[in-house]
Amino acid sequence: MRFGMGYGAWTGGPRADGEGRGRPGHEGHGRHGHGRGGPGGRRRLFDGGELKLVMLKLIADAPRHGYELIREIEGLTGGGYAPSPGVVYPTLSMLDEMGLIEEQQSEGAKKRFAASDEGRAHLAENAAVVDGLFARLAAVGAESERTDGAPIRRAMGNLRQVLQHRLMREDVNEDTLHEVAALLDEAAQKIERLK
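For every chain, the first residue of the written sequence is number 1, and numbering continues from 1 along that sequence. Local features in a predicted model are, by the rule used here, given only for residues with pLDDT of at least 70; side-chain atom pairs are given and counted only at 80 or more, and totals for whole chains, interfaces and linings are based on all residues. As a rule here, side-chain values come from all non-hydrogen atoms in the structure, and water together with hydrogens is ignored.

**Q** I keep staring at the overall build of the protein chain and nothing clicks. Help me out?
**A** Each helix corresponds to a stretch of at least 4 residues labelled H or I by DSSP, and each strand to a stretch of at least 2 residues labelled E; elements are numbered beginning at the N terminus. In terms of helices and strands, the protein chain carries eight helices and four strands. A buried classification covers 35% of the 195 residues belonging to the protein chain. Contacts spanning at least 24 positions in sequence make up 63% of the contacts within the protein chain whose residues lie at least 6 apart. With residues, only the protein chains shown are counted as cover, and all accessible areas are computed by Shrake-Rupley using a 1.4 Å probe. Accessible surface computed for the protein chain: about 11,800 Å², of which carbon and sulfur atoms make up 54%. For every residue, the accessible area (1.4 Å probe, protein chains only) is compared with the maximum for its type, and the residue is labelled buried under 20%, exposed over 50%, or partly exposed between those bounds. When checking whether two residues touch, look at their non-hydrogen atoms; a contact exists if any pair is within 4.5 Å.

**Q** I would appreciate a short explanation of the packing of helix H2 (residues 50-61) against helix H5 (residues 117-125) in the present structure.
**A** Each pair of packed helices can be described by the angle between their axes along with the distance between the axes. Fitted lines through C-alpha atoms give the axes, limited to the stretch in contact for helices. The angle between two N-to-C directions lies from 0 to 180 degrees. Axis separation between H2 and H5 bottoms out at 10 Å; the angle between their running directions is 120°. By the angle between their axes, H2 is oblique relative to H5. Viewed along their axes, H2 and H5 form a crossing whose handedness is left-handed. Between H2, through Leu53, Leu56, Lys57 and Ala60, and H5, the contact on the second element is made entirely by Gly119, Arg120, His122 and Leu123. Charged means Asp, Glu, Lys or Arg here, nonpolar means Ala, Val, Leu, Ile, Met, Phe, Trp, Tyr, Cys or Pro, and polar covers whatever is left, Gly included. For the contact of H2 with H5, the per-class residue count stands at four nonpolar, two polar and two charged. Comment on the angle field: the value is read as roughly parallel under 35 degrees, roughly antiparallel over 145, roughly perpendicular from 65 to 115, and oblique elsewhere. It is the rotation of the near helix from the far one that decides the hand of a crossing: anticlockwise by less than a right angle makes it left-handed, clockwise makes it right-handed.

**Q** Explain the nonpolar core to me, please; I cannot follow it from the model alone.
**A** Grouped burial of nonpolar side chains is what soluble globular proteins tend to show. Ranked by size, the top nonpolar core spans 30 residues in total, and within it Phe46, Met55, Ile73 and Leu92 carry the most contacts. For this core, the secondary structure elements donating two or more residues are H2, helix H3 (66-76), helix H4 (85-97), strand E4 (112-115) and helix H6 (127-147). In terms of residue count, H2 provides more of this core than any other element does, eight residues in total. With residues near it in sequence (within four places) discarded, Met55 still touches Leu69, Ile73, Val88, Thr91, Leu92 and Leu95. In this description, a nonpolar core means a group of buried Ala, Val, Leu, Ile, Met, Phe, Trp, Tyr and Cys residues linked to one another through side-chain atoms lying within 4.5 Å.

Structural measurements only, silent on function.
Structural data, given as structure tokens:
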């Protein structure tokens, strides 16, 4: 390999791709943003160079451009996670500069990339890590399927519309806000007690 880098090299150094700890909230978007975390809040779905490996593997499977990568990752997670264009496109540039992918002839303005021999060798060296990352994507997809079923999405959308409509009225006062909060708290407690 030209750069002689193992997996550890992907996680160190400056993070121009926006995945670093110094820029929270820039890695992804979608229903669950960065992935789900524990009681302390949300965690990032990918850290360091993990998204680079995921993208490289998808490009090695089939030549793709940035938008296709976003949609493919979103599909693998059942809509539970989608990396933002602000992370995907700089990461594509970085992979290209490293010689791990190469631009292909494509129709239209979108640049489509394929994995280079060097990129395939890098994936082979990190096969166990890549398998773990795709298992994580599958787990997010399974969680999305369990928790984001159509009836729940419909009910949540209905609740959002009703709240926006009711709370934007001019006659809303502090008592109304407290009543709405009490109803939401009551619903949350009932859901928590379900068996």
